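Examination of the molecular architecture
The lines below spell out each chain.
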Amino acid sequence: MENLENENNNEEKVVENTPTTEPVVEQTVETNEEVVEETAFDDFDWDKGPKGVLNYEDSVIEEYEALYENTLSSIKEFEIVAGKVVFITASDVVLDLNCKSDGLVSRTEFRDMPDLAVGDVVEVYVETQEDKRGQLVLSRRKAKLLSAWANIVSSFEEGKVVTGTVISKTKGGLIVDIDGLETFLPGSQIDIRPIIDYDAYVGKTMEFKVVKINESIKNAVVSHKALIESDLEEQRQAIISKLEKGQVLEGTVKNLTDFGAFLDLGGVDGLLYITDISWGRIKHPSDVLENGQKLNVVVLDFNDDKKRISLGLKQLQPHPWDVLAEDVQPGSIVKGKIVNIEDYGAFLEVTPGVEGLIHVSEVSWSSQPINSREFFKEGDEYEAKVVTIDRDDRKMSLSLRKLQEDPWTKIEEKYPKGSSHKGEVKNLTPYGVFIELEEGIGGMIHISDLSWTKRFAHPAEFTKVGATLDIIILEIDKDSRKLSLGHKQLEENPWDTFADVFPEGSSHEATILRRDDRGAIVLLPYGLEAFAPIRHIKKEDGSLAEVDEQLMFKVIEFNRDDKRILVSHSRFYTDAKRSAEQADKEAIKAEKQAAKKAVNEVNSSNEKSTFGDLSAFSELKEQLKNEEAGDNKDGE
């Protein structure tokens, strides 16, 4: 066969080397018998024999051709056919397809058949009926792939199980070889439980179910989990059919989550919610359970449609309230730890499953509000006194403050009215300062009772939280548990003295402390504050006085009862100007009166006058007369 191929190759090379541009020259070959004339191939008559005469008639030739054609099989391109191995070389396998020519397939495509021998029948795929050398082009690999794909499609349509080998790991899953065709096994379809180590499955031969195919790209998705679920579904149906509420089963913890634990009940899963694990509060199922642990559980509920089974563990034990000691009564002292904190209080777990509420009002005797989330911490242990208990409703209220004596029982003895004390500033509000004298005892200083002389927009201008203040007890309301406190009352009321120092009409130098659209607060001597309306802080040049500016102010109103003083800068300088003008007028008038008096004295002392004297006197008299007329006119 190899010689045949070499000869054909040599012939092709000869033909290829023959120049196509040169004319074909007829050659004459001499023999002993006769001379045969050779011509070019295009001019050769193939129907003539050596003598130029046909050996067979047309009918015989047609008969022979028909017989020959009947011995050959008809094959088409792009189809799978069976071929018989007739020869095996080191590199190729020759197949007899009962055609005009044998087929040639590479030996590498038979690696899965190490025992291949002459006479074996194999399937191959016809890629082309004849190449440039007139040979069939075959492929066993494509035949295997097409056969494998056909088998996968059939398995998908009929729901059959296929067998494959995991050959490698890929992103999101595994690659499975099924009859030479690579398929994809998603990680979520490997098993019913989550799989982390994909490498452990490489090389394993497993059964699969085809769950998805793509004809256009000849791609398939398989699942091993579907087979497991199918088997489990039969077991699940068998188990569920025998389930009853209240039935006790043995299960194995297979997975722990934030909301509960999944248990394997022998082929079917059940959910044990975290609230059904223990009568007490737990933060996570892992606080009580662990994977692989076996335990008895009771069936609380199940659903045939959704295949859900709810389990309980605490229900196998009596409720803690039913076995709570009888000596736990109102007034008794219990001990426990904080298990839950809300805005309104905290829950103290006396025993697992038995809790009592410590309301924020029962934390301390203090009247100050308490933030339960800041006061309590989960896990902290406390002793508390039982206030109320309802075993039927399983409720209990507890108190921390009732473990101590109520300080208000002796409030009048310890803090009598008019007594002075020191207290700590606990809170500031726009209307006052809350002072704590001791644990559970406190009161408020109204903002108006902070100072005799200063007015504060907010108590924060006077003190701060945590500071210590001297106070005096003004009033005691024992029923409402309230104290009215004062600070300015520790000193005498200075307003009686201020009435003499700052009477209406008096002028004083003052400093502007702050200013707004209504007016300004000014600081008078002795630390007294007064108010000047906006129109009364205008200066002579028409501008408004600025903060920290020192000016003279005139008191225009003094109210001792309301402790209010009104002052004016504009009134000060206008009154001062009017006073200066009046003084000038009085001085001029005094000078005129003195001149008049002098004239009269001169007139009375001279008995005789000359004509010239009389003339001068007449002029002076006329001048005085005119001045008097002018004064009368000004007076009007």
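Conventions adopted
Residues numbered from 1 in each chain as written. Predicted model: local features only at pLDDT ≥ 70, side-chain atom pairs only at ≥ 80, totals over all residues. Heavy atoms only, no water. Helix = DSSP H or I, 4+ residues; strand = E, 2+ residues; numbered from the N terminus. Pairing = 2+ DSSP bridges. Axes fitted to C-alpha atoms, helices over the stretch in contact; angles between N-to-C directions. Buried < 20%, exposed > 50% of the residue type's maximum accessible area, 1.4 Å probe, protein only. Salt bridge = Lys/Arg side-chain N within 4 Å of Asp/Glu carboxyl O.

- Under an unreviewed UniProt entry, the name given to the protein is Small ribosomal subunit protein bS1, and the organism recorded is Aureispira anguillae.

1. Focus on the environment of I228
- Checked against the element boundaries, I228 lands in helix α4 (residues 225-240).
- Between the alpha carbons of I228 and I190 there is a distance of 9.5 Å; along the sequence they are 38 residues apart.

2. Topic: the sheet that holds strand β23 (residues 420-429)
- The five strands are arranged β23-β24-β25-β27-β26 in a closed barrel whose pairing can be described as mixed. Each neighbouring strand pair of the sheet contributes to a mean axis angle of 50 degrees, computed without reference to strand direction.
- In the sheet, strand β26 (residues 468-477) pairs with strand β27 (residues 482-486) via five bridges, with the strands oriented antiparallel. Bridge assignment links I472 to a residue of β27, and that residue is G486.

3. A short note on unusual backbone geometry
- At K218, a residue that is not glycine, the phi angle is positive and equals roughly 50 degrees.
- As for its position among the elements, K218 is in the loop between β11 (205-214) and β12 (219-223).
- A relative accessible area of 38% means that K218 is categorised as partly exposed.
- The backbone phi angle of D548 is positive, close to 75 degrees, even though this residue is not glycine.
- With respect to the element layout, D548 can be found in the loop between β30 (529-533) and β31 (550-559).

4. A short note on the environment of I239
- Structurally, the position occupied by I239 is in helix α4.
- When the C-alpha atoms of I239 and L265 are compared, they prove to be 8.8 Å apart, with 26 residues separating the residues in sequence.

5. Section: the pattern of salt bridges
- Tallying each qualifying case throughout the model produces 24 salt bridges.
- Its salt-bridge partner being K160, residue E158 comes within 2.9 Å of it at the nearest N-O pair.
- Residue K160 is classed as partly exposed on the basis of its relative accessible area, which comes to 41%.
- The salt bridge involving K402 is made with E362; its shortest N-O contact spans 3.1 Å. Here K402, found in the loop between β22 (395-399) and α6 (411-414), pairs with E362, found in the loop between β20 (354-359) and α5 (372-375); they are 40 residues apart in sequence, far enough to count as distant.
- Of the residues examined, K402 reaches a relative accessible area of 32% and is grouped as partly exposed.
- Three or more residues joined by partner-sharing salt bridges are found here, namely E342, D343 and R373.

6. Quick word on the sheet that holds strand β21 (residues 381-390)
- Strand order in this closed barrel of five strands is β18-β19-β20-β22-β21, and the pairing throughout is mixed. Taken over all neighbouring pairs, the strand axes of this sheet differ in orientation by 50 degrees on average, direction set aside.
- Pairing geometry for strand β18 (residues 333-342) and strand β19 (residues 345-351), over five bridges, is antiparallel. Residue pairing across strands places E342 opposite G345, the latter belonging to β19.

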